[in-house]
Number of protein chains: 6
Amino acid sequence: MKPIAVRNIERASEETIVKLGQLGVATVHESQGRDGLMQPYLRPVFPGRRIAGSAITVLTQPGDNWMIHVAIELCQPGDILLVACTTENTDGMFGDLLATSAKARGVRGLVTDTGVRDVADLLNMDFPVWSRSISSKGTVKNTLGCVNIPVVVAGQYINPGDIIVADDDGVAVVQRHRADEVLQSGQKREKNEEDKRQKLADGVLGLDIYDMRGRLASAGLEYVDTLDELPGRS
Amino acid sequence: MKPIAVRNIERASEETIVKLGQLGVATVHESQGRDGLMQPYLRPVFPGRRIAGSAITVLTQPGDNWMIHVAIELCQPGDILLVACTTENTDGMFGDLLATSAKARGVRGLVTDTGVRDVADLLNMDFPVWSRSISSKGTVKNTLGCVNIPVVVAGQYINPGDIIVADDDGVAVVQRHRADEVLQSGQKREKNEEDKRQKLADGVLGLDIYDMRGRLASAGLEYVDTLDELPGRS
Amino acid sequence: MKPIAVRNIERASEETIVKLGQLGVATVHESQGRDGLMQPYLRPVFPGRRIAGSAITVLTQPGDNWMIHVAIELCQPGDILLVACTTENTDGMFGDLLATSAKARGVRGLVTDTGVRDVADLLNMDFPVWSRSISSKGTVKNTLGCVNIPVVVAGQYINPGDIIVADDDGVAVVQRHRADEVLQSGQKREKNEEDKRQKLADGVLGLDIYDMRGRLASAGLEYVDTLDELPGRS
Amino acid sequence: MKPIAVRNIERASEETIVKLGQLGVATVHESQGRDGLMQPYLRPVFPGRRIAGSAITVLTQPGDNWMIHVAIELCQPGDILLVACTTENTDGMFGDLLATSAKARGVRGLVTDTGVRDVADLLNMDFPVWSRSISSKGTVKNTLGCVNIPVVVAGQYINPGDIIVADDDGVAVVQRHRADEVLQSGQKREKNEEDKRQKLADGVLGLDIYDMRGRLASAGLEYVDTLDELPGRS
Amino acid sequence: MKPIAVRNIERASEETIVKLGQLGVATVHESQGRDGLMQPYLRPVFPGRRIAGSAITVLTQPGDNWMIHVAIELCQPGDILLVACTTENTDGMFGDLLATSAKARGVRGLVTDTGVRDVADLLNMDFPVWSRSISSKGTVKNTLGCVNIPVVVAGQYINPGDIIVADDDGVAVVQRHRADEVLQSGQKREKNEEDKRQKLADGVLGLDIYDMRGRLASAGLEYVDTLDELPGRS
Amino acid sequence: MKPIAVRNIERASEETIVKLGQLGVATVHESQGRDGLMQPYLRPVFPGRRIAGSAITVLTQPGDNWMIHVAIELCQPGDILLVACTTENTDGMFGDLLATSAKARGVRGLVTDTGVRDVADLLNMDFPVWSRSISSKGTVKNTLGCVNIPVVVAGQYINPGDIIVADDDGVAVVQRHRADEVLQSGQKREKNEEDKRQKLADGVLGLDIYDMRGRLASAGLEYVDTLDELPGRS
């Protein structure tokens, strides 16, 4: 890994990004074939926010947040800082000062595979963060990493400029060149779900809406009236 | 494990269930001899709810929520869905559509040894959930499991129809045939605690309320005036 | 470990303690040279509280909260109960009764390397707690430990009378004899940060405020215009 | 949980137990419909052993090994000590002295949801152990538990007298009343596998032995010649 | 994720692969700029083996090993099976039958982000495996995944045909197009280390070999003669 | 934390150290009142070694092994390197080169709260190591820490010159000024155990050797002949 910062990246259109955000994490993940979901240890620092934006990727070293400073200069309004680390690290790489700076540049939020601190301030500023941990552990500025190279965060491979969607369910990534296709698929899925939701609310069973009874029977599911009919435990 | 769904289970009386719910998890656990508590990794998806109901047990396969659809048909108003899995799995087996369906059938909530998603919707619908994790990971409907057989969830063995109590402290199970005995014991305990609570609020020490001083002394506790009297660290 | 309870400990001045509390965990940790921070698995049971006080240290045995009863008698108004355990244990050693008793004696809160229960009551009473876990698991009163000896909690060594600061970012300890020095250093740091915060809010970059560009270059950071200029993945 | 020790339990026949042991953990688990496998955090303290025997169940309290002493008196030659705990605990509840005692009574080994110590001695004595952890943490004898009641260990519900099989793959339980059925099914499975193993060793593909190609195609698997034919990442 | 199997992949030359294997994981990781190391939870099932080969990548579903059967047909002598999963899963997806089949096709070993079983047989067959866990948990063949697409395993992004190196230190990946460059850098590093190793064995200090004393001093390291000279703890 | 290296420390006598080592970790831990045991996540990199020596303490930064180089110069024959880190970190801070250097200076082994690499070489050199993890992750030499100050490792507070004992059961620390007292207590305990071991091997029960029957009865243990006598599950 040579220490490099890439100045310019391509981004999806703001319209596409905003609409992907409206779909939310679960729908976006489903709409691209159940792909792109980061592992569930990434959790929102405070609940009730949903954001979408273009990934400015940062590769940091453990206990060192130097490259986040480098990254902020390369952010544009609408971007999301996406911080990877070369090893598992929970240190508090980001706090109220960096959030103030990021907000001043129009950054929509932070997704980090490390820790964050000053979380009461982040809530007050309404700067949403998804992180591996909350920790005040201070960091240094001694070892270089990279900005805007492909990184792996929480099990997903992300290119700079990919679209990040984050909400209370977690974080998903959409590859930039698939953004429009995923959006269309997601919007179709959403309409489809609205119809199902109404039926389910009316008490129609999923077994019937999805026509599962035949497939369950041919897979071998047996119904018995009471547990007493069963030999043994199960 | 043969794939089986049991249609009919016995339930405790609604009155007993409601009153067990009023006791809450900690009291219920204590009142049955410190038994029946599920491991603390099961956490509420949103705080501030307390529910009690009869367990409809579901045994799922990892990454597969097929049997939850089967289970919902077998639920009655006042039931709680209790989802086990044949292995550790964090996938999002339950979301807003299943919650809509469960709610339409009068289900009071979900306790699951897997993940859930659409958690903002669950909060909006006020459908309380206790889960191992929050994850959008989509699931399939390809492999059978069971409904209403005995299962192990978070370290507890649960029969269908056992009473589930869940609140901010976690989740406990009460065996159906012990429900009334546990309720009586719990109500006695609660009265007893109310008295102690008042004394403690007035500044009386637990040492005196529980008459511990003699037992502490005979067990060998030594009081010293200052740390300097101690040789070495401890 | 001989079972011992130390009656009298020295405390820092209330003024110093209160002011350290106003600094908060992150600043306190930084101001003593990035020392004194407990591991981030200690989390607040409910958010939005910041406390500071003198540590009454308790060494418990797994599944046994006997020594907490002993400790409460030795607390003074303004103290914080700091509970260690001789092994990793998540049991619910502290609940609404002990909180009632602690509150009656003026204790400001609890930091425990174990579990707690009755968390809805703790919120209602506004008795703040930082813990390893939330668990209703009941405990016994059978095996002695110690009160007011040095203990290790979440990776930090704490003497009775050391100052504990806890907020949404976690928990930090300040050695009693360093309290004034840390306070001065922290207040200086805070002023310094206020100035930076304003500049950052105005859009000035950290790169410029901290004068990092030269050091980045001499460390070898290379800027390229686009990712295409890079050979290979990274 | 009332503290109780049950003197007499029923056991499967030694012949059945020995033959289940020869099948090993993986085959036993498969032969009862993929049931009965304990979670994989239970690991052998030293490799290369395979044992089977009747479970003497012990329910301990955290940090307290008193009930193991009670249990040893109730063991017969051919039994396996199976230790549960009322909470997660890694303490070293069992070491060379208890192993000496257990061996003198013909116990074949130990499976424990806690820690063990003196592991070099256990190897020298050839007393096989599967445990949650290795820890020298000493334990007390202060709080009662139970012997020979049903327990949950590592996610499985076990009755006293059930058959425990343990080897390098982990630990499985067979319900006593299903032992002969599982044995027959396992022996059939093993013969069947021998045949397949030979074919696979000769280079015949599983795809062909199990006749999977049609099912893969109808499930929608597409073969492409090179990755370049794929649009996007996946 | 569309279910796809890619028949043909490009591989590095056998000579390069063999020589990368001789360097071992630590040297390969260092030689590509401290890149390409998989997370340390991947551990060898038995110690003392070092392998290198071309990655045949497999993306599986939790609890389902169907795609491994598909992958084996696409393996060539010298390949290594590299198994990813769409979620965290410890099930025993690979055992002695699959190992027999893989060995018959010249596969050198397995690296899997899941569990394996029959580990005594794997040792007997000398088929080396690095895995997330050891578990007998049986798997089904019901849900499709992919073969020979890019995957993420243990935090690394791997293309089919990339070179996998695995030994007692863990697992590293080398991108195919960088293989020769990494090999040269690694061989240079190894020579360099041989010289240092000799000096260190002769008692020369790293401080002097690497000429660190000046840099330590200018970074601010202070030497004191005894701990008593220090004010406070540190 | 000011970056400091302390040149001279006091050590216990070699005779005491050697004899403490002969007692082993479990006995040493018991003999000082069940104190001084490090958490069980510290595991030997290869089995079958037992060492004892004086602690040279090192406080490192995550991903940075600079201070280990500083520490080696301050080691004397018979010392053990004890490495702490300011945060949880699994990186491979120590490998064959540092082991060669340490061995040349007579160091007996390493205990580290981080990762190590080149583990096959460590085994070949017979340089025993206890660590948090095995990882090849390379480290830098950019940020200062300390040598020979008090540190916390795996839950224990250790002063430079304290005695470290490590074997297959884990790692224990004995405070230097308590070394002789712990040794005497441990030797007495060992003699005592030898006698018990013989009785247990002859089939005498622990219940009788320790005279437990009366205390079990008065604590309330009830014996029943069969499980059928029990009402309910437990």
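A quick note: this is a predicted structure, and the numbers were derived from the prediction, not measured.

### Brief notes about the overall build of chain A
Part 1 of the reasoning: Helix and strand counts for chain A come out as eight helices and twelve strands.
Part 2 of the reasoning: For chain A, the C-alpha atoms occupy an extent of roughly 70 × 45 × 35 Å along the three principal directions.
Part 3 of the reasoning: The buried share among the 234 residues of chain A stands at 65%.
Part 4 of the reasoning: A sequence separation of at least 24 residues applies to 76% of the contacts in chain A between residues at least 6 apart.
Part 5 of the reasoning: If you sum the accessible surface of chain A, you get close to 8000 Å²; carbon and sulfur atoms cover 45% of it.
Part 6 of the reasoning: In chain A, 26 side chains carry a positive charge and 32 a negative one; their mean positions are 5 Å apart.

### Thoughts on the confidence of the model for chain A
Part 1 of the reasoning: Summing up the model confidence of chain A, the mean pLDDT is 96 and the portion of residues at 70 or higher is 98%.
Part 2 of the reasoning: Interface confidence for the predicted complex, given as ipTM, is 0.95, next to a pTM of 0.97.

### Some words on the packing of helix H5 (residues 179–201) of chain D against helix H3 (residues 96–104) of chain E
Part 1 of the reasoning: Taken N-terminus to C-terminus, the directions of H5 of chain D and H3 of chain E make an angle of 20°; their axes are 8 Å apart at the nearest point. Judged by the inter-axis angle, H5 of chain D sits roughly parallel to H3 of chain E. Considering how the two elements wind past one another, H5 of chain D and H3 of chain E form a crossing that is right-handed. Across the interface between the two elements, Glu193, Arg197, Leu200 and Ala201 of chain D of H5 of chain D pack against Asp96, Leu97, Thr100, Ser101 and Ala104 of chain E of H3 of chain E.

### Details of the packing of helix H2 (residues 66–73) of chain F against helix H3 (residues 96–104) of chain F
A pair of packed helices is captured by two measures, namely the crossing angle of their axes and the spacing between those axes.
Residue and element names in this part refer to chain F.
Part 1 of the reasoning: Axis separation between H2 and H3 bottoms out at 10 Å; the angle between their running directions is 15°. If you check the angle between H2 and H3, you find them roughly parallel. You can see that H2 and H3 cross each other, and the crossing is left-handed. On the side of H2, the interface is formed by Ile68, His69 and Ile72, while H3 contributes Leu98, Ser101 and Ala102.
Part 2 of the reasoning: Taken together, the residues that form the contact of H2 with H3 break down as four nonpolar, two polar and no charged.

### Observations regarding the interface of chain C and chain A
Part 1 of the reasoning: If you look at the interface, chain C gives 37 residues, while chain A gives 42 residues.
Part 2 of the reasoning: Here chain C meets chain A over a buried area of about 3500 Å², counting both sides, of which 61% is carbon and sulfur.
Part 3 of the reasoning: In this structure, the connection of chain C to chain A is made through four salt bridges.
Part 4 of the reasoning: Among the ionic pairs, Asp225 of chain C bridges to Arg7 of chain A, the shortest N-O distance being 3.4 Å.
Part 5 of the reasoning: Along the contact surface separating chain C from chain A lie 15 residue pairs in polar contact (both at pLDDT 80 or more).
Part 6 of the reasoning: Counting only elements with at least two residues in the side of chain C that touches chain A, the list comes to helix H2 (25–31), helix H6 (179–201), helix H7 (206–209), helix H8 (213–219) and strand E12 (222–224) of chain C.
Part 7 of the reasoning: Ranked by the residues each element gives to the side of chain C that touches chain A, the list is headed by H6 of chain C, at five residues.

### Let's talk about the packing of aromatic side chains
One pair of aromatic rings is described through two measures. These are the centre distance and the angle between the planes.
Part 1 of the reasoning: Across all of its chains, the model carries nine aromatic pairs over all chains by this definition.
Part 2 of the reasoning: Between Phe94 of chain B and Phe127 of chain B, the ring centres sit 5.7 Å apart and the planes meet at 20°, which makes this aromatic pair stacked. Here Phe127 of chain B lies in the loop between helix H5 (119–125) and strand E6 (129–134) and Phe94 of chain B lies in the loop between strand E4 (79–85) and helix H4 (96–104), a separation of 33 residues in the sequence. Per residue, the accessibility class of Phe94 of chain B equals that of Phe127 of chain B, and both read buried.
Part 3 of the reasoning: Ring geometry for Tyr157 of chain C against Tyr157 of chain F: centres 3.3 Å apart, planes inclined by 5°, an arrangement best described as stacked. Linking Tyr157 of chain C in strand E9 (residues 156–158) with Tyr157 of chain F in strand E9 (residues 156–158), this pair reaches from one chain into another. A single burial state applies to Tyr157 of chain C and to Tyr157 of chain F, both of which are buried.
Part 4 of the reasoning: Here the basic side chain of Arg215 of chain C rests over the ring of Trp66 of chain A, its NZ or CZ set 4.5 Å away from the ring centre.

Reading the values: rules and limits
Residues numbered from 1 in each chain as written. Chains lettered and ligands numbered in written order. Predicted model: local features only at pLDDT ≥ 70, side-chain atom pairs only at ≥ 80, totals over all residues. Heavy atoms only, no water. Helix = DSSP H or I, 4+ residues; strand = E, 2+ residues; numbered from the N terminus. Buried < 20%, exposed > 50% of the residue type's maximum accessible area, 1.4 Å probe, protein only. Contact = heavy atoms within 4.5 Å. Areas by Shrake-Rupley, 256 points an atom, 1.4 Å probe, with all protein chains shown as cover. Lys, Arg positive; Asp, Glu negative; His and termini not counted. Charge placed at Lys NZ, Arg CZ, Asp CG, Glu CD. pLDDT = per-residue confidence, 0-100. Axes fitted to C-alpha atoms, helices over the stretch in contact; angles between N-to-C directions. Parallel < 35°, antiparallel > 145°, perpendicular 65-115°, else oblique. Left-handed = near helix turned anticlockwise from the far one by under 90°. Nonpolar A, V, L, I, M, F, W, Y, C, P; charged D, E, K, R; others polar. Buried area = accessible area lost by both parts, 1.4 Å probe. Salt bridge = Lys/Arg side-chain N within 4 Å of Asp/Glu carboxyl O. Polar contact = N/O pair within 3.5 Å; in protein donor to acceptor, adjacent residues only side chain to side chain. Phe/Tyr/Trp six-rings, centres within 6.5 Å; stacked < 30°, edge-to-face > 60°. Lys NZ or Arg CZ within 6 Å of the ring centre and 35° of its normal.

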